[in-house]
Amino acid sequence: MVHLRRKILSFGNLINQLQQNVRWSSSLKTKDKNSVQPQRSFKYADLTVCLADLHQLNPKPDVKELLFGKYFTDHMLKIHYYESMNGWQAPEIMPFGNIVLHPAAKVFHYAIELFEGMKAYRGVDNKIRLFRPELNMERMNNSAMRIGLPSFRGEELIKCICRLITIDQEWVPHSTASSLYIRPTFIGIDPTLGVVASDAALLYVIMSPVGSYFHATKQPGISLLADPRYTRSWPGGCGSSKVGSNYGPTIPAQQLASEKGLHQVLWLYGEDHEITEIGAMNVFIVYINDNGERELLTPPLNGLILPGIVRNSLLSMARQWNQFRVSERSITMKEITRLLSENRLLEIFGAGTAGIISPVSCVEFLGQKLHIPTTEQSEPIYQMLKKHLLDIQYGVIPEHPWSLVIE
Ligand SMILES: *Cc1c(COP(=O)(O)O)cnc(C)c1O
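The structure displayed is predicted, hence computed values, not measured ones.

Criteria and cut-off values
Throughout this document, residue positions are counted from 1 along each chain, in the order its sequence is written. Local features in this predicted model are restricted to residues of pLDDT 70 or higher, and side-chain atom pairs are both shown and tallied only at a pLDDT of 80 or more, whereas totals for entire chains, interfaces and linings draw on every residue. Side-chain metrics in this entry use all non-hydrogen atoms of the structure; hydrogen atoms and water are not considered. Every helix listed is a DSSP run of H or I at least four residues long, and every strand listed is a run of E at least two residues long, numbered separately from the N terminus. Each residue gets one of three labels from its accessible area relative to the maximum for its type: buried under 20%, exposed over 50%, partly exposed in between, using a 1.4 Å probe on protein chains only. By the convention used here, residues are in contact when the closest approach between their heavy atoms is within 4.5 Å. All accessibility values rest on the Shrake-Rupley procedure with a 1.4 Å probe; residue burial counts only the protein chains present in the view. UniProt positions are given in the numbering used here, feature names are shortened, and annotations may be inferred rather than shown by experiment. Put simply, buried Ala, Val, Leu, Ile, Met, Phe, Trp, Tyr and Cys residues joined by side-chain atoms within 4.5 Å make one nonpolar core. Nearness here has a simple test: a residue counts as near a molecule or strand if at least one of its heavy atoms is within 4 Å of that partner. Definition of a polar contact: a pair of N or O atoms within 3.5 Å, with one able to donate and the other able to accept a hydrogen when the atoms are protein atoms, and with sequence-neighbouring residues admitted only if both atoms are side-chain atoms. In this count, Pro and Cys sit with the nonpolar residues alongside Ala, Val, Leu, Ile, Met, Phe, Trp and Tyr, while Asp, Glu, Lys and Arg are called charged and the others, Gly among them, polar.

1. Structural notes on the overall build of the chain
(1) Moving on: The number of helices and strands found in the chain is eight helices and 19 strands.
(2) Moving on: Within the chain, the proportion of its 407 residues that are buried is 52%.
(3) Moving on: The contacts in the chain between residues at least 6 apart in sequence include a share of 72% that link residues at least 24 apart.
(4) Moving on: Summed over its atoms, the accessible surface of the chain is roughly 19500 Å², and 55% of this surface lies on carbon and sulfur atoms.

2. Overview of the UniProt feature "modified residue: N6-(pyridoxal phosphate)lysine" (unreviewed entry) in the chain
(1) Moving on: Here, the residues flagged by UniProt with the feature "modified residue: N6-(pyridoxal phosphate)lysine" (unreviewed entry) are K242.
(2) Moving on: Mapped onto the secondary structure, K242 falls in the loop between strand 10 (222-226) and helix 5 (251-259).
(3) Moving on: Discounting residues that sit within four places of it in the chain, K242 has contacts with L114, F115, E116, G117, R139, S143, Y247 and L306.

3. Brief notes about the nonpolar core
It is characteristic of soluble globular proteins that their nonpolar side chains tend to be buried jointly.
(1) Moving on: Within the largest apolar cluster, 39 residues are counted, with the highest numbers of intra-cluster contacts made by L77, L157, I165, I182, F186 and L203.
(2) Moving on: Listed by contribution, the elements that provide at least two residues to this core are strand 2 (75-82), strand 6 (118-122), strand 7 (128-131), helix 3 (133-146), helix 4 (154-167), strand 8 (179-188) and strand 9 (200-210).
(3) Moving on: With residues up to four places along the chain from it excluded, the contact list for F186 reads W88, I112, E113, L114, M140, A144, L149, P150, A201, L202 and L203.

4. Side note on the site of the ligand
(1) Moving on: Around the ligand, a shell composed of 14 residues is seen, among which K242, Y247, E277, I309 and T353 lie nearest.
(2) Moving on: At 2.8 Å, a side-chain N or O of R139 approaches an oxygen atom of the ligand.
(3) Moving on: Between K242 and the ligand, the recorded distance is 2.7 Å, taken from a side-chain N or O atom to an oxygen atom.
(4) Moving on: Relative to its unbound accessible surface of 380 Å², the ligand loses 96% to contact with the protein.
(5) Moving on: At the level of secondary structure, the elements contributing two or more residues to the shell around the ligand comprise strand 13 (281-288) and helix 6 (309-321).
(6) Moving on: Grouping the amino acids of the shell around the ligand by side-chain chemistry returns six nonpolar, four polar and four charged.

Right, dumping it as structure tokens:
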């Protein structure tokens, strides 16, 4: 029955697609050379939905047992791209399941893969919200360009994702300590071994209910390993894109940190040991500057830093508050050690969608354990920022320009 329905839906879909292709080719012919072509994209209007059978539905895990990305919802979104078939195909929502790929698919050989990380939050008013999803779409298109994958119109994917969330809405935890993590993924699937742009691609979206990223953390702050032998990004590299090839190679450094009983890696760059990021979070520092004022500092978007949406949001909030200095500049381990010795380093924290805001209590650097007093401040800046961010995300501030409420 489901199969039959599926066939009917995809048939309608094919017709739509054909009509659309006809429209496209005719509009191409009639347009004069200088007019701007609409960006090629799939469209929400072409979406087909095939729901899972009742017996295929998974039990929902207890919110207290959520580990990061272990359980997945009942449905997924898939959108194919075939250069030889006029590019983007119609989006499909279908039961969650395995995908089958040719062993030569480029994703397996050259890591033609990128991803995004966003969340759906169930607010105190029971409404489900996304946080600035248009920025995820913009970054996703930038990552796609970096690895030769096609672009698309962000608002079309947002609409498809909203539909997917609506279908699996009971998977958005009824808790302001949890959320539904959304993982858009985009891979090159052309079954040929050449290191050239992939003519075939698959964009899919899966979703996973999550609790706190640092589940195991009992103590109030996280501890970091800063080891100059490892680096995650370099000038001319792709550290500022969310491409999968940036993450696999970080595992040995992360393992080393874990063996030492530390939570995360503090990534350094260059001979001066500039600090760049914490694990897969942007890094922020609060210190007393040379004028005796409190200053919030984060490294600039100089190509070494992943342009985080939380990073961008915290900077905007802090600049709007205008209660302390805000700056984007590089900072080295030497400066951190000096500030610490002069009692001028107040806070270090990581910021990102998955880990939200994570205060740091310790950094191990060249065999030395540096104690960071982040959680000992009376009114820490990280707490103010975190509260305001969560108030927007969980609808305590019910209407905010950064919230997209899913009706
Ligand atoms: C995803 C990511 C971040 C955080 O980005 P957000 O958009 O704020 O979630 C920071 N650093 C790295 C390396 C990342 O992959």
